Every structure is written in structure tokens, then in C-alpha cells.
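Coordinate analysis (summary)
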Amino acid sequence: MLTCSEKENPEVFAAARIGLGALGVITAITFAVEPVFLLTAREEPMTFDEVTGRFDELWAENEHFEFYWFPHTGSTNTKRNNRSAGPEKPVSPVSGWFEDEFLSNGVFQVAQWVGRAAPGTVPSIAQISSRALSARTYTDIPYKVFTSPRRVRFVEMEYAVPREALVETLRELKTMVDRSDLRISFPVEVRTAPADDIALSTASGRDSAYIAVHMFKGTPYQAYFTAAERILTAHEGRPHWGKVHTRDAEYFAGVYPRFGEFTALRDRLDPDRRFQNDYLRRVLGR
């Protein structure tokens, strides 16, 4: 039994923050928290060309910036979140139900069923979906700003690329979709995170941008994900550990400078591989 912190077994604490279950069983965690605060969210449509052309500006001017691009269109929906002194101005219950439940879940679910049954309709559905949500601004506590109900089931792959490579990577992804016969009914999600010092964090040592591709559950996704992964790995992308990807230990040793540091700690803490499984064998090696 090890107690780990910045002062006690600090090397274990540092690595175990993202340990993939490979270092042992975590039985208790103490979180550092801060008092609740308000965020103002500004959501608005923006063209793909505008958001990619202004990406550095939008990233720099906001505490949190994300957007969704709708494949087969030149449209995105953007969201800027920044701390606010208030007052609190939440989305009205009626407006919230209409946009977050009726449109984003109910109507979107029906659109996915139609697209799965008749793939040729997907580009037209995407055009309609990209125009469905209007601009809005509201102020609320963080979990009500950052989270939203996701009732339409999907399969997802997400990669972190260096932030400065985001625009080029996303443009390559768009070109690939436009030139292919693929029919993509789910938007591509893009978000950012600052660099951190965790060995196996997808943002380890570099400011990162995350590109997430999705397909409706029950729809063949392999061709799309394979083509997207080829682009993402060409830019030294790091896949989300808990989502679909095909990378292995050899690849990770090349994109994580501290990969060997983590595997050495694993050798020390679990030399007999009691916590080994097929996934860890692939991503960390034997």
C-alpha cells in the first residue's frame, strides 16, 4: 500500500495521475478544488474558413474555445467560455429544452436513423443540421455550461495534435472527406488544452488541440476512422486512451518523450504484470 502525493512517493504520484490501471489499484483520491464560479458561454455559428483562419486569435482570447464542424458542409458551431463576475443568466427552461433536447437529441436522433438507412441523404441532412442551432449567450455555473445531454449513441475516436498543427490537420481531414465517398452524419469536435507535466497525458509537454471524429452507433465506421487516423498520426497525434484507436507501444514511444519513464516505473511497481490485460499489452508493451 502506497500513499502518494507531491511530497510522498512523488514519482508514483506524478505518473499515476494517468496510469491506465497499469501501476496498481487506486483506493482513495483527494481532490484539490476551488470555490464555484460563473462562466459566460457565447455560442454562435461560424464558417469553416473563418474559424480556421481565426483559430489562433480565438484560442488566445478565450479561456476555453471549442467548435463543431459538420462534414459535407462549410459550417461550424463555436463556443467560447470565459469566467464571469455575473450576474447569473442561465438558458431559459423552454429554450434549453428546445435546443438541447428537442433539436440536439430528438431531431438529431431521427436524422441519424434516416442517414443510416439512406446514406445518400447524409450531406443534405448535414446542411440542415449545421443551421439548426442559433446564436446564444448565457452565464451559469461551470457544469451547466460545459456539459450537455448526449442521448444519441455513437462510436468515437479522438486524437490530440500539437495546437499549432490543428488548422492544417483539420483542413486535411476536410479535404479527405470531400474527396471520398464517405457519408459522415456526426460533427467533428475540436477543443484545446494547455500543456501539462503528466507523462502519459495527451497534452504532456505541449499545448494541444483535440480532434474527435464520431459515427452513429450501428453505422460502419472503420473506413472513416482509418482514413482520419492516418492524417492524425502524420501530425504526431496522441489518441485518447479510452476511445477507438489502433496505435501500439512502438508508436507511443515515439510521440511521448516520457514514455520510457512511465514503463520503467511500471516495471518497478508491477514486475509480474498482475495488472496486465490485452489492451495494456498493446499500448505499453510486455
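Let me begin by describing the structure that accompanies this report. (Residues numbered from 1 in each chain as written. Predicted model: local features only at pLDDT ≥ 70, side-chain atom pairs only at ≥ 80, totals over all residues. Heavy atoms only, no water.)

1. Observations concerning the pattern of salt bridges
For the coordinates displayed, the defined rule picks out 19 salt bridges. With its nearest N and O atoms 3.0 Å apart, the salt bridge here joins Arg54 to Glu50. Classification of Arg54 as partly exposed rests on a relative accessible area of 24%. Judged by its relative accessible area of 33%, Glu50 falls in the partly exposed class. We note a salt bridge from Asp267 to Arg273, for which the minimum N-O separation is 2.6 Å. Among the residues examined, Arg273 registers a relative accessible area of 18% and is labelled buried. Among the charged side chains, a salt-bridge network with shared partners connects Glu156, Glu158, Arg191 and Lys243. (Salt bridge = Lys/Arg side-chain N within 4 Å of Asp/Glu carboxyl O. Buried < 20%, exposed > 50% of the residue type's maximum accessible area, 1.4 Å probe, protein only.)

2. Some words on unusual backbone geometry
Of note, the amide linkage connecting Gly86 to Pro87 takes the cis form, showing an omega dihedral of 5°. Along the chain, Pro87 turns up in the loop between strand 3 (75-84) and helix 4 (93-117). Even without being a glycine, Leu20 presents a positive backbone phi close to 60°. Here Leu20 is to be found in the loop between helix 1 (10-16) and strand 1 (38-47). (Helix = DSSP H or I, 4+ residues; strand = E, 2+ residues; numbered from the N terminus.)

3. Quick word on the side chain of Arg238
As for its placement among the helices and strands, Arg238 is situated in strand 8 (residues 238-239). For Arg238, which is buried and forms no salt bridge, the nearest opposite charge comes from Glu236, at a distance of 6.8 Å. Within the structure, the side chain of Arg238 is placed 3.2 Å from the backbone oxygen of Thr202, a separation counted as a polar contact. Every residue in contact with Arg238, bar those within four places of it in the chain, is listed here: Glu158, Tyr159, Ala160, Ser201, Thr202, Ala203, Ser204, Arg206, Val255, Tyr256 and Pro257. (Lys, Arg positive; Asp, Glu negative; His and termini not counted. Polar contact = N/O pair within 3.5 Å; in protein donor to acceptor, adjacent residues only side chain to side chain. Contact = heavy atoms within 4.5 Å.)

4. Some points on the packing of helix 7 (residues 166-179) against helix 8 (residues 222-234)
At a closest axis distance of 10 Å, the pairing of helix 7 and helix 8 adopts a crossing angle of 150°. When the interaxial angle is binned, helix 7 and helix 8 end up roughly antiparallel. Regarding helix 7 and helix 8, the two cross each other, and that crossing is right-handed. Counted together, Thr169, Glu172, Leu173, Met176 and Val177 of helix 7 and Tyr224, Ala227, Ala228, Ile231 and Leu232 of helix 8 form the full contact between these two elements. (Axes fitted to C-alpha atoms, helices over the stretch in contact; angles between N-to-C directions. Parallel < 35°, antiparallel > 145°, perpendicular 65-115°, else oblique. Left-handed = near helix turned anticlockwise from the far one by under 90°.)

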